[in-house]
Amino acid sequence: MVYDLVILGGGPGGYRAAELASREGFKTALVEKDRLGGTCLNRGCIPTKSYYSDVVGKLGPLDAMWEKKEKVVDKLRKGVSTLMNRSSVEVIEGEGRITDVSQEVKRISVTTEKGEVILESKRLLIAVGAMSRPLSFPGSDLEGIVGGDWAVTDRALWDPSFEDGAKSVAVVGAGVIAVELAGILKEMGKDVTLLKHSDQILRRSDGEIKKKVKQLVKKRKIPTVDFFRIGKVVREDGRLTVCGEAQGESIEIGCDRLILAASMVPILKGYGLEESGIAFTDKGIEVDEFMETSVPGVYAVGDCTGGAMLAHLAEYQALSAVERMAGREYRINPDAIPSCIFFDPEIASVGLTEEEATERGLDFVVGRVFFVANGMALAMDRSDGFVKVLADRESGRMLGVHIIGPEAATLISEAALAVDRGLTVKEVAYTVHPHPTLSECFKDALFRILEEI
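Definitions and limits used
Residues numbered from 1 in each chain as written. Predicted model: local features only at pLDDT ≥ 70, side-chain atom pairs only at ≥ 80, totals over all residues. Heavy atoms only, no water. Pairing = 2+ DSSP bridges. Helix = DSSP H or I, 4+ residues; strand = E, 2+ residues; numbered from the N terminus. Axes fitted to C-alpha atoms, helices over the stretch in contact; angles between N-to-C directions. Left-handed = near helix turned anticlockwise from the far one by under 90°. Contact = heavy atoms within 4.5 Å. Nonpolar A, V, L, I, M, F, W, Y, C, P; charged D, E, K, R; others polar. Phe/Tyr/Trp six-rings, centres within 6.5 Å; stacked < 30°, edge-to-face > 60°. Lys NZ or Arg CZ within 6 Å of the ring centre and 35° of its normal. Buried < 20%, exposed > 50% of the residue type's maximum accessible area, 1.4 Å probe, protein only. Right-handed = clockwise from strand over helix to strand, strands pointing away. Disulfide = S-S within 2.5 Å.

S.K.: Explanation requested: the sheet that holds strand S16 (residues 249–255) in the structure shown.
M.R.: Working definition: the strands of a sheet are paired by backbone hydrogen bonds and lie parallel or antiparallel to each other. Strand order in the open sheet made by the three strands is S14-S15-S16, with antiparallel pairing throughout. In this open sheet, the two strands that pair with only one neighbour each are strand S14 (228–236) and S16. Taken over all neighbouring pairs, the strand axes of this sheet differ in orientation by 20 degrees on average, direction set aside. Examined bridge by bridge, S14 and strand S15 (residues 239–246) share eight bridges and lie antiparallel to one another. Considered in S15, the bridge of Val 234 is made with Thr 241.

S.K.: Help me understand the packing of helix H1 (residues 12–23) against helix H8 (residues 311–325) in this model?
M.R.: For any two helices packed against each other, the geometry is given by the interaxial angle and the distance between the axes. Running from N to C, H1 and H8 point in directions that differ by 35 degrees, and their axes come no closer than 8 Å. Of the two elements, H1 crosses H8, and the hand of that crossing is right-handed. The residues of H8 that touch H1, namely those facing Pro 12, Gly 13, Arg 16, Ala 17, Leu 20 and Ala 21, are Ala 311, Ala 314, Glu 315, Ala 318, Leu 319 and Val 322. Partitioned by chemical class, the residues of the contact of H1 with H8 number nine nonpolar, one polar and two charged.

S.K.: Would you mind going over the sheet that holds strand S26 (residues 398–405) with me for this structure?
M.R.: Ordered in space as S22-S23-S26-S25-S24, the five strands form an open sheet in which the pairing is antiparallel. The outermost strands of the open sheet, each flanked by one partner alone, are strand S22 (339–341) and strand S24 (364–370). On average, each strand axis in the sheet is tilted by 10 degrees relative to the strand beside it, whichever way the strands run. Bridge analysis of strand S23 (residues 346–351) against S26 gives six bridges, and the strand direction is antiparallel. Within the sheet, the bridge partner assigned to Ala 348 lies in S26 and is Ile 403. Helix H13 (residues 439–450) rests against S24, strand S25 (386–392) and S26 of the sheet, and its axis sits at about 140 degrees to S24.

S.K.: Mind showing me how you'd approach the packing of aromatic side chains here?
M.R.: Geometrically, a pair of aromatic rings is defined through the distance of the ring centres and the angle of the planes. Inspection of the entire model under this criterion finds four aromatic pairs. Looking at Lys 426, its charged tip hangs above the ring of Tyr 430, at a distance of 5.2 Å from the centre.

S.K.: Please explain the pairing of strand S12 (residues 191–195) as it appears in this structure.
M.R.: A regular strand places its side chains so that they alternate between the two faces of the sheet. Of all five residues in S12, four are buried; the element is thus mostly enclosed. Across five bridges, strand S11 (residues 168–172) lies against S12 in parallel orientation. Bridging across to S12, Val 169 finds its partner in Val 192. In the sheet, S12 pairs with strand S13 (residues 224–225) via two bridges, with the strands oriented parallel. Within S13, the position partnered with Leu 195 by the bridge is Val 225. Traced from S12 through helix H7 (residues 207–219) to S13, the parallel crossover comes out right-handed.

S.K.: When you look at the state of the cysteines in this model, what are you seeing that I'm missing?
M.R.: By definition, a disulfide links two cysteine residues through a covalent bond between their sulfur atoms. Under the defined criterion, the tally for this structure stands at zero disulfides. No disulfide involves Cys 243; its nearest neighbouring cysteine sulfur is the one of Cys 255, lying 10 Å away. There is no disulfide at Cys 304, and the cysteine sulfur nearest it, in Cys 40, is 15 Å away. For Cys 304, a relative accessible area of 0% corresponds to the buried category.

S.K.: Is there a simple way to explain the environment of Lys 114 in this structure?
M.R.: Residue position: Lys 114 is located in the loop between strand S6 (106–112) and strand S7 (115–121). With a relative accessible area of 85%, Lys 114 lands in the exposed category. Expressed as a C-alpha distance, the spacing of Lys 114 and Tyr 3, which sit 111 residues apart in the sequence, is 21 Å.

Here is the structure:
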C-alpha cells in the first residue's frame, strides 16, 4: 500500500501535519515509537504548566499536583489519539527508519512489536524532535541525575507526599527550561541552585528582560554560579556532590537531584538520515521556507530542524509544509514568532529585541509602561513587571514587544498579530481596549511611543 504521506514522529508538529494532510484528502500514516504528543505533551510544556498552575498560580493543592498532572497528560494524549482516529490517520507504533528517498516513492522501515513493516509513500515528513544536550563527565550516569527533558517525570521532585522526596536540586543551565524548573521547585520550598555556563540568563531575551529576571532570581534567593564547569559527580549516602570549577575556583554543590538543562539539541541519529542524502548538520535538518529538505518530497518540521524549539512553531511549520504539498504557499515570518516563559511573573516576547534592532541599524523608538500603574494588575496583587514596545521611528510599524508581568503569555497574542501583520503603533493604540484589563498596559506603552513620533 502506498500512502500519500508518512510522518515520523507524533509530537505537535507530526500530529498537526497528519490532521492537516487528512483534511486535504491525503492517505496518511503516522509513526510514533513512544507516546502521541511528543516531549511537549508527555514530558515538557503540559506537565510543567500543570505544576506551575498549582505551585505559582495557587489553583490546586500541592499534595494532589502529581495526580492532576497525570490526569491532564492522559486526557490530552487520548484527545490526540481520538483526533488521529477521526482524521482517518493510521497510527503505527514502532521505530521508523528511512531506507530510500531517492525514488519518487519513499520507503520507511518500521520495527513494531509484531515485526518489521515497510511503508511506501509519495511524501515523507520528519518530526522526530529534540532532546536535552547530553553532558559527558565522570558520574554522569549516576542515579539522581536527569535531563531537562525528563525532569518532570521524577515523582520525587514533584509529589510532596512522596516518602523519599528530593529536597535540594541543582539545575545546570540558564535557558527557558532551567529557569522554569528552578522557579517552580523553589516555590515548592526546595533548595535550588542554578549552575550557569556563563553570566547570562535567558540569553535570547531582550536585555531589560534579562536584567529583571536576574533581579527576580536573586529576590527569590536562588543561588547562581556563573561560568560553572562540571568536573565530576559523586554519590554517597543517597546524595550527590557536584564537583566543578567556576572562574578558577573549585566548587562543590550538594544536592538530591541534578537536572541537566543546559540546552536542547535536535534528534538526528537512529532514523537513517546519514544514508538518506537528506542534508543536515549538528544544528538540525536543513529546510527551505516551506519546510522541504534537500530531497524533493521530503519535509521536516519542529525541533529536529533546529532554531527556536517551540511547540507552536512546529504546528505552524506543519501548516507550511502541508500547504506546500497541496500546491499552496504559507510562509512563517521569522520575526513574528512569540515565545513564553512561565516564571513568576510570566515572560513573553515577539519580534526584535532592542539589541537585535540596534544590530540591524534600525532607527527605532521604545515605549514602556509598568504594571504598577495598571488597575487590574493592582487589583490582582500582581503588579510586578512591565511592557516594552519597539517601533520604527519613521513608519511607526511595530518591531517587537517584550512583557514581563501577570498573564504575559496571554497578552503576547495581540502583539504577535500586530508584529506579523506590520501594523503601526497608531493602528493598534487607536483600537479600543477594554477596561479594567491587563491589556491596557500594552495600549499605554503604544501611546507612550506616539508621544515621541
